[in-house]
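Commentary on secondary and tertiary structure
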There are 2 protein chains.
Amino acid sequence: MPHCHTYLKKLRDHGYRITPQREMIVHIIAHSGRHMSAEEVMEKTREKTSSMNIATVYRTLDLLVENGLATRIDLGNGKTAYATGEHGPHVHLVCRHCGSVTEITESDISASLDKIEDIYDFNCRPYHFSVHGLCRNCRDTNTD
Amino acid sequence: MPHCHTYLKKLRDHGYRITPQREMIVHIIAHSGRHMSAEEVMEKTREKTSSMNIATVYRTLDLLVENGLATRIDLGNGKTAYATGEHGPHVHLVCRHCGSVTEITESDISASLDKIEDIYDFNCRPYHFSVHGLCRNCRDTNTD
DNA sequence: TCCTTTGATGCGAACCTTCGCAACAAGCAA
DNA sequence: TTGCTTGTTGCGAAGGTTCGCATCAAAGGA
Ligand SMILES: [Mn+2]
Ligand SMILES: [Mn+2]
Ligand SMILES: [Zn+2]
Ligand SMILES: [Zn+2]
């Protein structure tokens, strides 16, 4: 269950040091199974300790993303969200007008992502990103 | 050629006021035909006048996006980029490791976007967004 | 043209995220 | 276990973006 150790091992294998801060941050986000902002992770650590710095949270989350262990996503609310593989592959439709966020199954778009993989040799798995546009409601009310 | 007037007319039709600031900003980004950051637009206005505020630039660009007249995109360099329809529909592949940006034709992914349109009734045209992942080079060197 | 209404601007503060650097400590070798 | 090396942390500052509010001016009517 705790995939934390897998993540931590990968970091160690890549030559990064395992610090108490990193262990705690990885534990929190991997076990949550959802999107978390840096500030949310920060608050969660405060339940256990007071020795955590927001810059360290950002740096650790960025480290996970950089190594393919987490994804960064813009849900249009002004703050970046992070999630590990536990969160599963899917795409978010973010309405630029009302801000509504719809989750769509990755299979609805997998054909194109496979194409990107084949043609451009670009790896975007696990599929987790957002497409910003207009939801049905907002398109109906706006007479563009 | 100057689609500026079309953009400005749409804003006016939507009930927004046309100010010198908005005219200048729309003119700059529409004629550039490329991605521009808020700061780049700001600098460009300084060639003509000194009465421009960065908050106004952000507000105007956001207004264009909100009304479907421009797109906002994250090219992974720490600052948001904006572009009007003149920039054309396409998708950017942004490598999370080396930061390289590859432009792919919209047709390579249009099937999936049509699907999103059909199934979820969500409008994401003109297609202009980025997918963050790993380019070939960075995947080869990193033994994940 | 002049006035009124109300949306837009300018400005500083606040918010989110990144950066530089000195102090600290993980990992490793002896 | 001890000490060294060097990656990591904490902290304050800076960069990018948003927000609140007083002032200003676009738009439309008299
Ligand atoms: Mn998600
Ligand atoms: Mn582009
Ligand atoms: Zn909407
Ligand atoms: Zn790369």
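Residues numbered from 1 in each chain as written. Chains lettered and ligands numbered in written order. Predicted model: local features only at pLDDT ≥ 70, side-chain atom pairs only at ≥ 80, totals over all residues. Heavy atoms only, no water.

1. Quick word on empty space enclosed by the protein
Residues and elements named next belong to chain B. Where we set the bar: Using only the protein atoms, space was sampled on a 1 Å grid; points where a 1.4 Å probe fits but cannot get out form cavities, open sets with protein on both sides within 12 Å along at least five of seven lines form pockets, and lining residues are those with an atom within 4 Å of a point. Grid points are joined across faces, edges and corners, and a volume is the space filled by probe spheres set on the points. Charged residues are taken to be Asp, Glu, Lys and Arg, nonpolar residues to be Ala, Val, Leu, Ile, Met, Phe, Trp, Tyr, Cys and Pro, and polar residues to be all remaining types, Gly included.
Scanning the model with the defined rule gives 1 cavity of 30 Å³ or more in all. The space that makes up the largest cavity amounts to roughly 40 Å³. Contributing to the lining of the largest cavity are Thr71, Ala83, Thr84, Gly85, His87, Gly88, Pro89, Pro126 and His128. Taken together, the residues that form the lining of the largest cavity break down as 3 nonpolar, 6 polar and no charged.

2. Overview of the coordination of the zinc ion (ligand 4)
Residue and element names in this part refer to chain B. Spelled out, the test is: Distances decide who is a donor: an N, O or S atom must be within 2.8 Å of the metal, or within 3.2 Å for Na, K and Ca. Water is not included, so sites may look incomplete. Donor angles set the geometry label: tetrahedral for four donors if every angle is between 85 and 135 degrees, square planar for four and octahedral for six if opposite donors exceed 155 degrees and the others are between 65 and 115, irregular for anything else. Strands are runs of DSSP state E lasting at least two residues, helices are runs of H or I lasting at least four, and both sets are numbered from the N terminus onward. Only protein chains enter the accessibility calculation, which uses a 1.4 Å probe. A residue is then buried if its area is under 20% of the maximum for its type, exposed if over 50%, and partly exposed in between.
Here the zinc ion (ligand 4) is held by Cys95 (SG), Cys98 (SG), Cys135 (SG) and Cys138 (SG), and the distances to it run 2.2 to 2.4 Å. Geometry at the zinc ion (ligand 4) is tetrahedral, judged from the 4 donor atoms that bind it and their angles of 105 to 115° at the metal. Site description for the zinc ion (ligand 4): donor spacing in sequence, C-x2-C-x36-C-x2-C. In this pair, Cys98 sits in the loop between strand S4 (90-95) and strand S5 (101-105) while Cys138 sits in helix H6 (residues 136-141), placing the two residues 40 residues apart along the sequence. Taking the relative accessible area as the measure of exposure, Cys138 reaches 6% and is therefore buried.

3. Topic: the domain arrangement of chain A
All names here are of chain A. What counts here: As used throughout, domain bounds are those supplied by an automatic or database domain assignment. Residues are treated as being in contact if the distance between any of their heavy atoms lies within 4.5 Å. By definition, the buried area sums, over both parts, the 1.4 Å-probe accessible area that each loses when the two are put together. For salt bridges, the criterion is a side-chain nitrogen of Lys or Arg within 4 Å of an Asp or Glu carboxyl oxygen. Two N or O atoms form a polar contact when they lie within 3.5 Å of each other; inside protein one atom must be a possible hydrogen donor and the other a possible acceptor, and for residues adjacent in sequence the pair counts only when both atoms belong to side chains.
Partitioning chain A into structural domains gives domain 1 (1-87) and domain 2 (88-144). The straight-line distance from the C-alpha centre of domain 1 to that of domain 2 is 24 Å. Contact with domain 1, which involves 11 residues of that partner, is made by 11 residues of domain 2. On the domain 1 side of the contact with domain 2, Ile73, Leu75 and His87 bury the most area, a combined 53% of that side's loss. Summed over the shared surface of domain 1 and domain 2, the number is 0 salt bridges. If you look at where domain 1 meets domain 2, you find 8 residue pairs in polar contact (both at pLDDT 80 or more).

4. A closer look at the packing of helix H1 (residues 4-13) of chain B against helix H2 (residues 20-32) of chain B
Residue and element names in this part refer to chain B. Let me state the cut-off plainly: For helices, the fitted axis covers only the stretch in contact; all axes are lines through C-alpha atoms, and the angles between them, taken along N-to-C directions, range from 0 to 180 degrees. What sets the label is the angle itself: under 35 degrees gives roughly parallel, over 145 gives roughly antiparallel, 65 to 115 gives roughly perpendicular, and the rest give oblique. Handedness of a crossing follows from how the near helix is turned relative to the far one, being left-handed for an anticlockwise turn of less than a right angle and right-handed for a clockwise one.
Packing of H1 against H2 leaves a shortest axis separation of 9 Å and a crossing angle of 135°. Looking at the two axes, H1 sits oblique to H2. When the axes of H1 and H2 are compared, the crossing they make is right-handed. Contacts between H1 and H2 involve Cys4, Tyr7 and Leu8 from the first element and Arg22, Glu23, Val26, His27, Ala30 and His31 from the second.

5. Topic: the protein's contact with DNA strand D
This is how it is decided: If a single non-hydrogen atom of a residue is within 4 Å of a molecule or strand, that residue counts as near it.
Residues in contact with DNA strand D amount to 21 residues; listed here are only the nearest, A:Arg22, A:Thr56, A:Arg59, B:Tyr58 and B:Thr80. Put simply, 68% of the atoms of DNA strand D that lie within 4 Å of the protein are in sugar or phosphate. A:Arg17 is positioned with one of its side-chain polar atoms (N or O) 3.0 Å from a base oxygen of DNA strand D. Secondary structure elements with two or more residues in the surface near DNA strand D: helix H2 (20-32) and helix H4 (54-66) of chain A together with helix H4 (54-66) of chain B.

6. Section: the protein's contact with DNA strand C
Every one of the 21 residues lining DNA strand C counts as a neighbour, but A:Tyr58, A:Thr80, B:Arg22, B:Thr56 and B:Arg59 are closest to it. The sugar and phosphate moieties of DNA strand C supply 67% of its atoms located within 4 Å of the protein. The contact in question runs from a phosphate oxygen of DNA strand C to an N or O atom on the side chain of A:Lys79, over 3.2 Å. Listed by contribution, the elements that provide at least two residues to the surface near DNA strand C are H4 of chain A together with H2 and H4 of chain B. Counting residues per element, the surface near DNA strand C draws most heavily on H4(A), which supplies 4 residues.

7. Details of the coordination of the zinc ion (ligand 3)
Residues and elements named next belong to chain A. Only Cys95 (SG), Cys98 (SG), Cys135 (SG) and Cys138 (SG) from the protein reach the zinc ion (ligand 3) as donors, at distances of 2.2 to 2.3 Å. Note that the zinc ion (ligand 3) binds 4 donor atoms; their angles at the metal cover 105 to 115°, and the shape is tetrahedral. Each donor residue of the zinc ion (ligand 3) lies on the same chain, and together they follow the pattern C-x2-C-x36-C-x2-C. The same class applies to Cys135 as to Cys138, namely buried.

8. Looking at the packing of aromatic side chains
Pairs of aromatic rings are described using the distance from one ring centre to the other and the angle between the two planes. Our working rule: Ring pairs shown here join Phe, Tyr and Trp side chains whose ring centres sit within 6.5 Å, with only the six-membered ring taken for Trp; geometry is labelled stacked below 30 degrees between planes, edge-to-face above 60, and tilted in between.
Taken as a whole and judged by the stated rule, the model has 1 aromatic pair over all chains. Judged by centre distance (6.3 Å) and plane angle (20°), the rings of A:Phe129 and B:Phe129 are stacked. Placement of the pair is A:Phe129 in strand S6 (residues 128-133) and B:Phe129 in strand S6 (residues 128-133), with the two residues belonging to separate chains. An identical accessibility class is assigned to A:Phe129 and B:Phe129; each is buried.

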